[in-house]
Amino acid sequence: MRRLLALLTMVGAAMLLLEVSPGTAKGDPSPAAQASADQNLAIIVNQTNTIDDITLKELRTVFLGERSHWPNGRRITLVMMDPGVPERKAILRDICRMNETEFSRHFLQGLFTGEVFVSPKTLSSPTGVRKFVFNVPGAIGYVRASDVDGTVKVIRINGHGVDDPEYPLRFEARDSK
Amino acid sequence: MKFRIFSPLRLLAQTVHGMGKRVLIVALGMAVSAPCLRAQNAAEANTDKQTIQMLLQRIERLESRVAQLEGTNASAARTEAAMTVHPPAGPAAGPATTPQAAPQTAAQTPEPEQESEHLEPERMDMSKTLLRIRGFGDVDFHGTDQRGNTNAFSLGQLNLFVTSDISEKFKFLGEIVFESGPDNFYNVPGGRRNEFAVDVERYLLQYSYNDYFNLAFGRYHTAIGFYNTAYHHSTWFQTTTGRPLLFQFEDSGGILPIHNVGLSASGRIPSGPLGLHYVAEIGNGRASRSPLTDEPVQNEVDENNYKAVNLALFARPEAIRGLQVGFSGYHDRLMPLGQPRVDETILAAHAVYMLPKFEWLNEVVLVRHGPDGSSHVFNTPGFYTQIAKRFGSYQPYFRYQYINGSDREPIFPDVGRIEGPSFGMRYDASESVALKLQYDYNIARHIQSYNGLTLQLGFTF
């Protein structure tokens, strides 16, 4: 039995190494310096939200439901766009690092265990997302930078505004195909 | 033919004559009071502006709701047009969307209601239900070469997972499970074969204050180790066909107090990149009377005044996404009939690495029973290790498990030692249906080793 366990431990450790290395590489979105501002994805929150800046890591915890409240005590309500929409694809790839199936299962299991308090809301249009965020104080969503208007608040990521060349959330051209 | 010439004086005279003096008095009264009203209106001009502002805001909100409803209708129309074979994601207790499914209809419909909830979180609308239901089930075929057993098709647990967002801070969560077959408490069979019974496995009112403090009242799964609070009663979520022996339910011969009735507090601990979390629980604990044919979970009455307590701490370090390491300590006092009281201590530790395509679960548990008046403590150690890797829709897995209880163990003398490997393959036929085939080899202390084979169809709906 000891041999079996030792063998299993070695196999597990080897597979662990294989899994960790690509995972860390996936996290860095490639900056496309030539990308224009309307190819960036803006993270939007309600105007009453006190948050101005968020790190990409914190954003990930928000989009995966691991964080349930804002610093002002409001419950976080995540707004996602329909599956298949380029903006959603970019969020899943760059923030959640999951595909649709994994994302769906992640939230279902989170709700099942009780760790996730509220499931994300899904809307089909940027206008809908904007209006939802406008109406719900704890809401957070995303739209193309060109779809932003004064009804919502755009937050900075890692200290970068949506027009900065170093802004990390890009909606790449191939996503829209 | 006579033409009548219009004259206001004549009309007034006719009116006075026809309608009486009272009308004239009212008209005069209105004329006198008009300047007063104008003065009052001027004084309330600011109030009107505010009212207009409020109305404008309300119009905007209504417009927003109309736009969303129109969007929903458009989605529904697109869904019908596409004639998709995927069912729309239900408003169940899952994410509001199912991948590759049709654009959400059911999930989107409640959104305007959601707005209302947020704007007026404590208002109860009697005309709508806040209940959402997600189902889990499994159907199995299993066989073993153990004497006295036959191979059979069997219905697994039918689990209705119910949630309801009562308000921004309160939520209800429940698991109502229909299951067939006799109960088996500490290896003492109870109930009838082939009959279905209903158990409310979880029944919780949750209060979420913030990320650092959440409370749950009711019946919960005790936070001993990892597995018990990760998979609950859904076989579809589990990679394998069943739970490890260590974490079997009480009515399936399990040795741990899987369920508890009481109060549970949980949350994050400010710890930066370490990602520390805590769970602190106090409840009735598990019944210990022997021979036991009653429900071991003390849903209504506790056999003593002593309450079971459990404290669990675990870390999810940011540096290694998917890793969770933790331990827990549980203590209760049991009162078996005709025997001395027994102190029960359960220590558990786990190291789990879970990614969407890879999992490696390792848990070890030590159950200690110390009867009053005796210096001897009965230790029952157990562990399991499980590893699985996903290749597309296929997920081969391996598990080795071990439990070793003393034959003189005062609470569960029939458990003894059992260990053995399990191999299996999970195939996800769709996002909601999984087919699993598992082989088990069991080595036990007092009985001959035996093989088992299980084919399971697990699903969520």
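Values in this document were obtained by computation on a predicted structure and should not be read as measured data. Note that residues are indexed from 1 along each chain, following the sequence as it is written. All chains are assigned letters beginning at A, and all ligands numbers beginning at 1, according to the order in which they are written. At least 70 in pLDDT is required for a residue's local features to be given in this predicted model, at least 80 for side-chain atom pairs to be given and counted, and no such filter applies to totals for whole chains, interfaces and linings, which use all residues.

Caption draft 1: Local environment of the sheet that holds strand β4 (residues 121–123) of chain A. Residues and elements named next belong to chain A. Strand order in this open sheet of 5 strands is β4-β3-β5-β1-β6, and the pairing throughout is mixed. Each edge of the sheet is formed by a strand with only one pairing partner; in this case those strands are β4 and β6 (153–154). Here a strand pair is declared whenever DSSP counts at least two bridges between the two strands. In this description a helix means any DSSP run of H or I spanning at least four residues, a strand means any run of E spanning at least two, and both kinds are numbered starting from the N terminus. With 2 bridges joining them, strand β1 (residues 41–45) and β6 adopt antiparallel strand pairing. Among the inter-strand pairings, Val 45 is bridged to a residue of β6, identified as Lys 153. Whether two residues are in contact depends on their C-beta atoms, placed from the backbone: they are in contact if these lie within 7 Å. Lines fitted to the C-alpha atoms define the axes, with helices restricted to the stretch that makes contact. Angles between their N-to-C directions range from 0 to 180 degrees. Against the sheet, helix α3 (residues 86–96) makes contact with β1, β3 (77–81) and β5 (139–144), and its axis sits at roughly 115 degrees relative to β5, the strand it touches most.

Caption draft 2: Representation of helix α5 (residues 126–135) of chain A within the structure. Among the 10 residues in α5 of chain A, 9 count as buried, and that is most of the element. Among the residues of α5 of chain A, those classed as buried are Pro 126, Gly 128, Val 129, Arg 130, Lys 131, Phe 132, Val 133, Phe 134 and Asn 135 of chain A. Backbone-placed C-beta atoms define the burial measure: a residue is buried with 20 or more other C-beta atoms within 10 Å of its own, exposed with 12 or fewer, and partly exposed in between.

Caption draft 3: Quick peek at the nonpolar core. Here, a nonpolar core means buried Ala, Val, Leu, Ile, Met, Phe, Trp, Tyr and Cys residues linked by C-beta atoms lying within 7 Å of one another. Membership of the largest hydrophobic core comes to 38 residues, with the highest contact counts inside it found for Ile 224, Leu 246, Leu 256 and Ile 346 of chain B. Elements with a minimum of two residues in this core: α5 (227–230), β11 (308–315), β12 (323–334), β13 (342–355), β14 (358–371), β15 (378–389) and β16 (394–404) of chain B. Considering each element in turn, this core owes the most residues, 5 residues, to β13 of chain B. Every residue in contact with Leu 246 of chain B, bar those within four places of it in the chain, is listed here: Leu 256, Val 365, Gly 382, Tyr 384, Gln 401 and Ile 403 of chain B. Formed by 34 residues, the second largest nonpolar core is a distinct cluster that contains Met 80, Ile 95, Val 136 and Ala 145 of chain A.

Caption draft 4: Up close: the packing of helix α2 (residues 56–63) of chain A against α3 of chain A. All names here are of chain A. At a minimum axis distance of 9 Å, the contact between α2 and α3 shows a crossing angle of 120 degrees. One finds that α2 runs oblique with respect to α3. Contacts between α2 and α3 involve Leu 59, Arg 60 and Phe 63 from the first element and Ile 91, Ile 95 and Cys 96 from the second. Charged means Asp, Glu, Lys or Arg here, nonpolar means Ala, Val, Leu, Ile, Met, Phe, Trp, Tyr, Cys or Pro, and polar covers whatever is left, Gly included. Residues that form the contact of α2 with α3 fall into these classes: 5 nonpolar, no polar and 1 charged. Oblique is the label for every angle not falling under 35 degrees (roughly parallel), over 145 degrees (roughly antiparallel), or within 65 to 115 degrees (roughly perpendicular).

Caption draft 5: A look at unusual backbone geometry. In this structure, Arg 97 of chain A takes a positive phi of about 55 degrees despite not being glycine. By the element assignment, Arg 97 of chain A lies in the loop between α3 and α4 (100–113). Since 17 C-beta atoms lie within 10 Å of it, Arg 97 of chain A is described here as partly exposed. Not every positive phi belongs to a glycine, and His 232 of chain B is a case in point at roughly 50 degrees. Relative to the helices and strands, His 232 of chain B is located in the loop between α5 and β9 (259–269).

Caption draft 6: Expanded view of the pairing of β3 of chain A. Residue and element names in this part refer to chain A. Burial within β3 is extensive, with 5 of its 5 residues counted as buried. Here β3 shows a buried face lined by Thr 77, Val 79 and Met 81 and a second buried face lined by Leu 78 and Met 80. Looking at chain direction, β3 and β4 are connected through 3 bridges and run parallel. Across the sheet, Met 80 pairs through a bridge with Thr 122, a residue of β4.

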